[in-house]
Each structure stands twice: as C-alpha cells, then as structure tokens.
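# Fold and contact review
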Amino acid sequence: MDKTIYSKDSIEFVTVATEFCAYLERAETLGRKEFTGTLLKLLPLLYLKATMLPAVDEDFDSEPETFVTEDSYEILRMNISSIMGELDDYLEVFEKDMVYSEQPILATVSENMADIYQDVRDFIFAFQVGHEDAMRQALKTCRDNFETYWGQKLVNVLRALHNVYYNNPTDDEDDCHEDGCCHNH
C-alpha cells in the first residue's frame, strides 16, 4: 500500500475536494448569498488541505489523464456566472501580466472557480478509479498545479467573494422565496 496516496493528509484533501466539487456541481439552484457564503467556508479549507499534500518525488512518462471535458467546464462556468450575475467580474491585482499592463486586469469568479474545479475534479476522478500509479500522478499534478496555478486563483477569488458576500446587502433578497421565507446564512 502506497503511504503517500493513502496518507492522512491525502485522504483529508480528497474529502474536502470531493465536497467542494459536489457543491459546485449542485450550485445552479442557489442564491448568490448562500453560494458565496458557503464558498467562503470551503475555499480556505481546500487551500489549507492542499498545502498539506505530501510531495511525490517521481517523474511520469505521460501526461495525467483528464476527466473534465470542455463542455462540463463551460456548463459549470456558466452556472456560476449566472449565480454571480453582475458581480462575477472583479479587478485582479495578483496577475503576472499586471506588471506589463497600464490597465487593470479583469477576472471573473466563474472562470477562476471553474479552473480550480477542473484541476481538483481531475484529481478526484483519478482517486475514484483507484489505480495507484494514476493516483500518485494525480497527486503530484494537483500539488504542482496548486503551487503554480490554482492556489493563487483560489486566494484571488476568495477576496472577490468576500467583497460580494459582505458588501452587497441586496443579496439577502436573493435568498427570499415567494412564500416570504428568507434563508440568510
């Protein structure tokens, strides 16, 4: 049994990553306040667990298998964009290209969330298949991509979600239903 892929830290990341992906996959019916409020809890936990992933000191001959298709990526991105509405866009300050730009760089919550989802979901699929070589490769890829790509996207989008959640009092109305019952979280 491979101690790296079955380590406590790997299993805890799998647990949080699975919940994160499942939440995004079923989020299309949520109001913006509930959606952002839950992500403000899930994303820091996902970040924390990703920082604890064990290193895989192995080189692989092939690219890891991917499972998230362009269509499923785009459907998820569009669902999140729909939830976020006019608050999907935000100005990005921690972008490499910002150094060369005199103009602010626009980012979207929906695209950043879909990018994070894609890497994390591919990781989860590899673990669900259960082939240890594929799991090790997925672990290495996910950890490497966290360090170089989606970890920064996660903290960037967290800033935008914080602003949406705490600075948009009209969002409380998003969670009110026709029966007059409001669900503020």
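Thresholds applied
Residues numbered from 1 in each chain as written. Predicted model: local features only at pLDDT ≥ 70, side-chain atom pairs only at ≥ 80, totals over all residues. Heavy atoms only, no water. Core = buried A, V, L, I, M, F, W, Y, C linked by side-chain atoms within 4.5 Å. Buried < 20%, exposed > 50% of the residue type's maximum accessible area, 1.4 Å probe, protein only. Contact = heavy atoms within 4.5 Å. Salt bridge = Lys/Arg side-chain N within 4 Å of Asp/Glu carboxyl O. Helix = DSSP H or I, 4+ residues; strand = E, 2+ residues; numbered from the N terminus. Phe/Tyr/Trp six-rings, centres within 6.5 Å; stacked < 30°, edge-to-face > 60°. Lys NZ or Arg CZ within 6 Å of the ring centre and 35° of its normal.

## Observations concerning the nonpolar core
In terms of nonpolar packing, the biggest core is built from 50 residues, with Phe20, Phe35, Leu46 and Trp150 touching the most fellow members. Other than its neighbours up to four places away in sequence, Leu46 contacts Phe13, Val16, Ala17, Phe20, Ile116, Val120, Trp150 and Leu154.

## Details of the pattern of salt bridges
Going through the model one piece at a time under the given rule, you end up with 13 salt bridges. Between Glu12 and Lys49 there is a salt bridge, with the nearest N and O atoms lying 2.7 Å from each other. Highlighted residues: Glu12 in helix 1 (residues 8-25) and Lys49 in helix 2 (residues 32-51), separated in sequence by 37 residues. Glu12 gets classed as partly exposed once you look at its relative accessible area, which sits at 22%. Residue Lys49 is classed as buried on the basis of its relative accessible area of 15%. For Asp115, the salt bridge goes to Lys153, with nearest N and O atoms at 3.2 Å. Placement of Asp115 in helix 4 (residues 109-129) and of Lys153 in helix 5 (residues 132-166) is noted, with a sequence separation of 38 residues between them. Summarising the burial analysis for this pair, Asp115 and Lys153 share the class buried. One network of salt bridges, in which partners are shared, links Asp2, Glu58, Asp133 and Arg136.

## Description of the packing of aromatic side chains
Under the counting rule described, the total for this entry stands at eight aromatic pairs. Between the aromatic rings of Phe13 and Trp150, the centroid separation amounts to 6.5 Å while the plane-to-plane angle is 35 degrees, which identifies the pairing as tilted. Of this pair, Phe13 sits in helix 1 while Trp150 sits in helix 5, and the two are 137 residues apart along the sequence. Of the residues examined, Trp150 reaches a relative accessible area of 0% and is grouped as buried. Relative to Tyr166, the ring of Tyr165 lies with its centre 4.7 Å away and its plane at 80 degrees, an arrangement referred to as edge-to-face. Assessed through its relative accessible area of 8%, Tyr165 is described here as buried. Sitting over the ring of Tyr165, Lys33 keeps its end group 4.0 Å from the ring centre. One Lys or Arg, Arg121, reaches over the ring of Phe125 and ends 4.2 Å from the middle of that ring.

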